[in-house]
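Summary of the model geometry
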Amino acid sequence: MTAARTVRARSAGRPTLEEVAARAGVGRGTVSRVINGSPRVSEETRAAVEAAVAELGYVPNRAARALAANRTDAIALVVPEPEARFFAEPYFSDIVRGVGAALADTEMQLLLTLVGGDRERRRLAQYLASHRVDGVLLVSVHADDPLPELLEQLGIPVVISGRRSEDEPLASVDSDNFEGARAAVAHLVAGGRRTIATITGPLDVYGARRRLDGYRAALADAGLDELAAHADFTEEGGRRAMAELLARAPGLDAVFAASDVMASGARQMLRDHGRRIPEDTALIGFDDSSIARHMDPPLTSVRQPIEEMGRAMAELLLAEISAATPTRPSLVLPTELVVRASS
């Protein structure tokens, strides 16, 4: 009986590392180096080990490999928003889809965590402090959120969706919010609209501020006055802001809402006031989500490549996890105005 068969006879169940070593005629450490991709193995030895792995049907123990490499093979997708908003906005599902696509061919597990309040934030902090994930994807970060600094202190690689400021120190993926908003309002100006209002998102979110900046830049180019109401990226927030704008400026003839969800709420309020879209009031949103395509009339909207953003976030995070030192790249993807019947 050969050595490999002797080892095999004493074991039960799945093949072991020792069995592979005996079959290949090498030491256990050599097999481990081949499996973990070490360059310190000759091509002849590598071929012998790979042949033994194939013959025995050996499957590496992922948990043991991760432990040896001080890795967990898991990353967390953290959304510091309440559950209601996460499930109401297509933005988040598109981000998750893009992240999932980027991780599909890897061994990484994705953990989705919603942080809607202080209790959830404390629980997440304790979980992350125990280093149970290799990295974190942060989506929809507000300016005063302590999570990015916590991750910095813990030394956990992180990529943010949407910068917190122009000088974001962490790795980030964003869309060109300024240019998207500017193009939307320029389109309204070109259509002859002169009293153009905007419904902003929460201004502690950098992307919302940049959309407001783009709106203002387009109005300044046209010599028009601004008319803004602040909301919170929710449908109800869009309704309330639209009611406020109609009370302040009954003659307004166009609205740029900083999200499709808010545009949907604004449309309801415009209809309640007998306004025809676009004849009396043109309406534009932001995101180009499924909401935009299914509204009546279909909504003109600024398309940001959300799924591509999710994919890019995951790819950057994988690179940060593997890097000897953090590189912290910043990626800004272009937007596109999709014109439909509402404008």
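The model shown is predicted, which means the values in this text are computed figures rather than measured ones. (Residues numbered from 1 in each chain as written. Predicted model: local features only at pLDDT ≥ 70, side-chain atom pairs only at ≥ 80, totals over all residues. Heavy atoms only, no water.)

Describing helix H10 (residues 177-190)
Spelled out, the test is: Only DSSP runs of H or I reaching four residues or more are called helices, and only runs of E reaching two or more are called strands; each is numbered from the N terminus. Each helix should span, by expectation, one fewer than its residue count multiplied by 1.5 Å.
Its 14 residues place the ends of H10 20 Å apart at the C-alpha level, agreeing with the 20 Å of an ideal helix rising 1.5 Å per residue. Once H10 ends, the next one or two residues include Gly192, with phi positive near 90°.

Some words on empty space enclosed by the protein
Empty pockets left among the atoms are what a rolling probe the size of a water molecule brings to light. Keep this limit in mind: Put plainly, a pocket is an open set of points on a 1 Å grid over the protein atoms alone with protein on both sides within 12 Å along at least five of seven lines, a cavity is a set where a 1.4 Å probe fits but cannot get out, and a lining residue has an atom within 4 Å of a point. Grid points are joined across faces, edges and corners, and a volume is the space filled by probe spheres set on the points. Asp, Glu, Lys and Arg are counted as charged, while Ala, Val, Leu, Ile, Met, Phe, Trp, Tyr, Cys and Pro are counted as nonpolar; the rest, among them Gly, fall into the polar class.
Inspection of the entire model under this criterion finds two cavities of 30 Å³ or more. Contributing to the lining of the largest cavity are 21 residues, with Tyr91, Ser140, Val205, Arg211 and Phe233 lying nearest its centre. Those elements that provide at least two residues to the lining of the largest cavity are strand E5 (171-175) and helix H11 (206-222). Ranked by residue count, the leading element in the lining of the largest cavity is H11, at three residues. The space that makes up the second largest cavity amounts to roughly 30 Å³. Forming the boundary of the second largest cavity are Thr198, Ile199, Thr200, Gly201, Ala208, Arg211, Leu212, Phe256 and Ala258. If you list the elements that add at least two residues to the lining of the second largest cavity, you get strand E6 (196-200) and H11. Residues of the lining of the second largest cavity, tallied by class, amount to five nonpolar, three polar and one charged.

With respect to the packing of helix H3 (residues 28-35) against helix H4 (residues 43-56)
Heads up, the condition is: Axis geometry follows a simple rule: fit a line to the C-alpha atoms, using only the stretch in contact for helices, then measure angles between N-to-C directions, giving values from 0 to 180 degrees. Every angle not falling under 35 degrees, over 145, or within 65 to 115 is termed oblique; those three ranges are roughly parallel, roughly antiparallel and roughly perpendicular. Two residues form a contact once any of their heavy atoms are found within 4.5 Å.
Orientation of H3 relative to H4, taken along the N-to-C sense of each, is 90°, at an axis distance of 10 Å. With respect to their mutual orientation, H3 and H4 come out roughly perpendicular. Counted together, Thr30, Val31 and Val34 of H3 and Thr45, Arg46, Val49 and Glu50 of H4 form the full contact between these two elements. Taken together, the residues that form the contact of H3 with H4 break down as three nonpolar, two polar and two charged.

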